[in-house]
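Take a look at the letters that make up each chain.
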Amino acid sequence: MLKTIIAIAIRSEKPVEIEPGIFDYTYKIIKGIRAEVRQKRHTFSNADGINTQTTVSTTLSILFKNDKTDRAGRITHALYRGNLYEVASVGQFPPRVNLLLGDDSKLTLLDLGE
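Novice: How should I be thinking about the sheet that holds strand E8 (residues 96-104) in this particular structure?
Specialist: One key point about sheets: their strands pair by backbone hydrogen bonds, in either a parallel or an antiparallel sense. A barrel is described by the order of its strands in space; here six strands give the closed sequence E1-E4-E5-E8-E7-E6, paired in antiparallel fashion. Between one strand and the next, the sheet's axes are offset by a mean angle of 45 degrees, whatever the strand orientation. Examined bridge by bridge, strand E6 (residues 75-80) and strand E7 (residues 83-93) share four bridges and lie antiparallel to one another. Residue pairing across strands places histidine 77 opposite glutamate 86, the latter belonging to E7.

Novice: I would appreciate a short explanation of the pairing of strand E4 (residues 27-45) in the present structure.
Specialist: Looking down a regular strand, the side chains alternate between one sheet face and the other. Two elements, strand E1 (residues 2-11) and E4, share nine bridges in a ladder whose sense is antiparallel. Among the inter-strand pairings, isoleucine 10 is bridged to a residue of E4, identified as lysine 28. Pairing of E4 with strand E5 (residues 53-63) involves ten bridges; the strand directions are antiparallel. Of the residues in E5, the one forming a bridge with alanine 35 is isoleucine 62.

Novice: When you look at the confidence of the model for the chain in this model, what are you seeing that I'm missing?
Specialist: Residues shown with low pLDDT carry predicted positions that ought not to be read at fine detail. Within the chain, residue pLDDT values average 88, and 96% of them lie at 70 or more. Of all secondary-structure elements in the chain, the lowest mean pLDDT belongs to E5, at 86, while E6 reaches the highest, 96.

Novice: Mind showing me how you'd approach the environment of methionine 1 here?
Specialist: Along the chain, methionine 1 falls in the segment before E1. By relative accessible area, which is 71% here, methionine 1 ends up exposed. For the pair methionine 1 and glutamate 36, spaced 35 residues apart in sequence, the C-alpha separation works out to 6.4 Å. Discounting chain neighbours no more than four positions away, the residues touching methionine 1 are Glu36, Val37 and Arg38.

Novice: Any chance you could explain the pattern of salt bridges here in plain terms?
Specialist: Once their charged atoms are close, side chains differing in charge can pair, the charge on each being opposite to the other. Going through the model one piece at a time under the given rule, you end up with three salt bridges. A salt bridge links arginine 71 to aspartate 67; its shortest N-O distance comes to 4.0 Å. Judged by its relative accessible area of 24%, arginine 71 falls in the partly exposed class. Taken together, the shared-partner salt bridges connect Glu36, Arg38 and Arg96 into one network.

Conventions used here
- Residues numbered from 1 in each chain as written.
- Predicted model: local features only at pLDDT ≥ 70, side-chain atom pairs only at ≥ 80, totals over all residues.
- Heavy atoms only, no water.
- Pairing = 2+ DSSP bridges.
- Helix = DSSP H or I, 4+ residues; strand = E, 2+ residues; numbered from the N terminus.
- Axes fitted to C-alpha atoms, helices over the stretch in contact; angles between N-to-C directions.
- pLDDT = per-residue confidence, 0-100.
- Buried < 20%, exposed > 50% of the residue type's maximum accessible area, 1.4 Å probe, protein only.
- Contact = heavy atoms within 4.5 Å.
- Salt bridge = Lys/Arg side-chain N within 4 Å of Asp/Glu carboxyl O.

Here it is, written out as structure tokens:
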């Protein structure tokens, strides 16, 4: 298994007041998490032979302690190999958490509060 170091973003449990009357979630960035690349799948869809589309899905497995506020369920982004990805799904298998990486994030680390 390929091992790597990632960073994750955890959304706050409830929206907080950013400015008077404006509420939004805040994010906590946790860096230096050791992860294992569990599955990397390449899918090629070639309907007519001209426009081949490639889909790559990556699953990362991390050791992560959950708590009663469901921190693991609030993981929204992962920084993997220098790219910030949205987390498509979170699978909890205590003490491990599997993160299925989705599309590239529209947000940056600065938007997340880093």
